[in-house]
Amino acid sequence: MAPIMASATCTAPVNIAVIKYWGKRDEQLLLPINDSISVTLSEMYAKTTIVASPEFSKNRLWLNGQEQTFDSPRIINVLQQFRQEVEKCGIKGDVYSWNLHICSENNFPTAAGLASSAAGYACLVYTLATLYGLQDKIELSSIARVGSGSACRSVYGGFVQWQAGKLPNGSDSLAVQLAPSTHWPDMEILILVVSDNRKKVSSTGGMERSVKTSTLIHHRAMQIVPERVEKMRKAIQERDFETFAEITMKDSNQFHAVALDTFPPCVYLNDVSHAIIDLVHRFNAASGKTRIAYTFDAGPNACFYLMRQDVPQVLNLIKRAFPNDRDATPDYVKGVPVVEEPVPEALASEMRLESVGQNLLKYIIHTRVGDGPQILPSSESLLDAAGLPKTA
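Residues numbered from 1 in each chain as written. Predicted model: local features only at pLDDT ≥ 70, side-chain atom pairs only at ≥ 80, totals over all residues. Heavy atoms only, no water.

Q: I'd love a proper account of the side chain of S38, names of residues and values included.
A: With respect to the secondary-structure elements, S38 resides in strand β4 (residues 36-53). Within polar-contact distance, the side chain of S38 engages the side chain of R153 at 3.2 Å. With near-sequence residues (within four places) excluded, S38 lies in contact with N15, I16, A17, V18, R153, G158, F159 and V160. (Helix = DSSP H or I, 4+ residues; strand = E, 2+ residues; numbered from the N terminus. Polar contact = N/O pair within 3.5 Å; in protein donor to acceptor, adjacent residues only side chain to side chain. Contact = heavy atoms within 4.5 Å.)

This is the structure we're talking about:
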């Protein structure tokens, strides 16, 4: 006789902030000290299967092929918050008391400054909601937030604002979609993976240290970010890339200035990151207009926002500045296919384009502005009929 089970499989995307979230006013509820705005990406995501059954003796969790202990405070917080939301809606049923088997995997490096926790917790929450048929009945961004702050933004596609809120209980700290993925069809993204190693100082630890020791962080949150948020919202609505790019780069720089103003400092950028920043500014200056906007999360990996027409030349620019023995291999440039075009020699000469060094990048990801979480068919499940991970 087949076991009694309920199952769901979903994906949820990475988002990369153009106005950064850094610092919490409440560590337990993960309430931020300032608003943030992000762009949802199309090719980088977490995939999660959750199976509930009265026959499971305990909750179990597998992440990227390895079983984990089911005692993470953040996962427990998410499950508790989810149940509270269900109770608030007056929804009842035995299925909510069944133990869970959760299996999740990312198609990109974990804990390397590429927003893996945002995708992971958004996917956990959306898959839970799908499992119970509650996607449209409860507020998902607030539940995702207690797992990982920026996860609340991955609940939506396109361009998203996380409103910091002011209430102590965090009920007004929610994500809202500013525009769908189709709003700015010409915008594309290149991710330059400098390192896929786990970062030395976690985002959680770095934020906590910054709030305690940095004076710049509070000036940024109170005096700088509110104006930037309004300008960025307008730039997105008007598809004004020049303003979008300037704010994106300045906010990235300021975030890393806060990290350095922290004591002891949190150093997320490395020499290659700084070489990438210099390359972008020289390319934009030689072009006579802003064609690339860079941003860096808490890690050395660069995210470029740019227009579709510029992607072929910028890819060539990257390969010339950072030549790699794997340039011609199929998996060096991942994601959306693109055929590179040579940078005009007059432009290369104007910006003094030359090689920074060999094999300094791991690989490049080409992606676009993407949609929010998606429900997958049962054939895509990561768990088998017994609720255990499928073997390769």
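Q: Break down the pattern of salt bridges for me, with residues and values.
A: Per the stated rule, a full pass over the model turns up 18 salt bridges. Residue E380 is joined to K47 by a salt bridge in which the shortest nitrogen-to-oxygen separation is 3.0 Å. Taken together, the residues span a long stretch of sequence, with E380 in the segment after β15 (374-376) and K47 in strand β4 at a distance of 333 residues. Using a relative accessible area of 35% as the deciding quantity, one classes E380 as partly exposed. The buried category is assigned to K47, whose relative accessible area is 12%. (Salt bridge = Lys/Arg side-chain N within 4 Å of Asp/Glu carboxyl O. Buried < 20%, exposed > 50% of the residue type's maximum accessible area, 1.4 Å probe, protein only.)

Q: Please provide a residue-by-residue account of the nonpolar core, values included.
A: Judged by nonpolar contacts, the single largest core of 102 residues is most densely connected at F159, F244, I276, F304, Y305 and L361. Considering every element that reaches this core, the biggest residue donor is helix α2 (residues 116-131), with 10 residues. W162, A259, C266 and Y268 belong to the second-largest nonpolar core, a separate cluster that totals 14 residues. (Core = buried A, V, L, I, M, F, W, Y, C linked by side-chain atoms within 4.5 Å.)

Q: Describe helix α5 (residues 216-238), listing the residues and the values that go with them.
A: Taking 1.5 Å per residue, 23 residues should reach 33 Å; α5 reaches 31 Å between its end C-alpha atoms and fits that length. Where α5 bends most, at I224, the angle is about 45°, and the proline P226 comes one to four residues later. The complete set of buried residues in α5 reads I217, R220, A221, V225, R228, V229, M232, A235 and I236. Looking at the buried residues of α5, the elements they touch are β1 (6-19), β4, β8 (159-162), β9 (175-179), α4 (203-213) and α6 (241-261). Positive phi appears at R239, one or two residues downstream of α5, with a value of about 50°. (Expected span 1.5 Å × (residues − 1). Bend = angle between axes of the 7 residues up to and from the residue.)

Q: Go over the sheet that holds strand β12 (residues 302-307), please, and point to the residues and values.
A: Adjacent strands of a sheet pair through backbone hydrogen bonds, lying either parallel or antiparallel. With mixed pairing, the 5 strands of this open sheet are ordered in space as β11-β12-β10-β14-β13. This sheet does not close on itself; its edge strands, each paired only once, are β11 (292-296) and β13 (333-335). Averaged over neighbouring strand pairs, the angle between their axes works out to 25° when direction is ignored. Pairing of strand β10 (residues 187-193) with strand β14 (residues 363-368), which is carried by 6 bridges, proceeds in the antiparallel orientation. Within β14, the residue paired with I189 across the bridge is T367. (Pairing = 2+ DSSP bridges. Axes fitted to C-alpha atoms, helices over the stretch in contact; angles between N-to-C directions.)

Q: Give a detailed account of the packing of aromatic side chains, specifying residues and quantitative values.
A: Per the counting criterion, the structure on display carries 11 aromatic pairs. Seen from their ring centres, Y21 and W162 are 4.6 Å apart, and the 70° between their planes marks the pair as edge-to-face. One end of the pair, Y21, is in the loop between β1 and β2 (24-26); the other, W162, is in strand β8, with 141 residues separating them in the sequence. Note on Y21: relative accessible area 10%, which makes it buried. For the ring pair F255 and Y268, a centre distance of 6.5 Å and an interplane angle of 25° mean the geometry is stacked. With F255 in helix α6 and Y268 in the loop between α6 and α7 (271-287), this pair connects stretches of sequence that are 13 residues apart. Take F255 and Y268: they sit in the same class, and that class is buried. One aromatic cluster is present, formed by F159, W184, F241, F244 and Y305 through successive ring pairs. (Phe/Tyr/Trp six-rings, centres within 6.5 Å; stacked < 30°, edge-to-face > 60°.)

Q: An account of the pairing of strand β5 (residues 60-63) is requested, with residue identities and associated values reported.
A: Sheet faces and side chains relate simply in a regular strand, where the side chains alternate between the two faces. Sheet analysis places β5 next to strand β7 (residues 99-106), joined by 4 bridges and oriented parallel. Of the residues in β7, the one forming a bridge with R60 is H101. Bridge analysis of β5 against strand β6 (residues 66-68) gives 3 bridges, and the strand direction is antiparallel. In the strand pairing of β6, L61 is matched with Q68.

Q: Can you break down α2 residue by residue, with the values?
A: For α2, with 16 residues, the first-to-last C-alpha span of 22 Å sits near the 22 Å given by 1.5 Å per residue. Taken across its 16 residues, α2 has 15 buried, putting it largely inside the fold. Positive phi appears at G133, one or two residues downstream of α2, with a value of about 70°.

Q: Residues and numbers for the environment of G205, please.
A: Of note, G205 is situated in helix α4. G205 sits 117 residues away from F322 along the chain, and the two C-alpha atoms are 32 Å apart.

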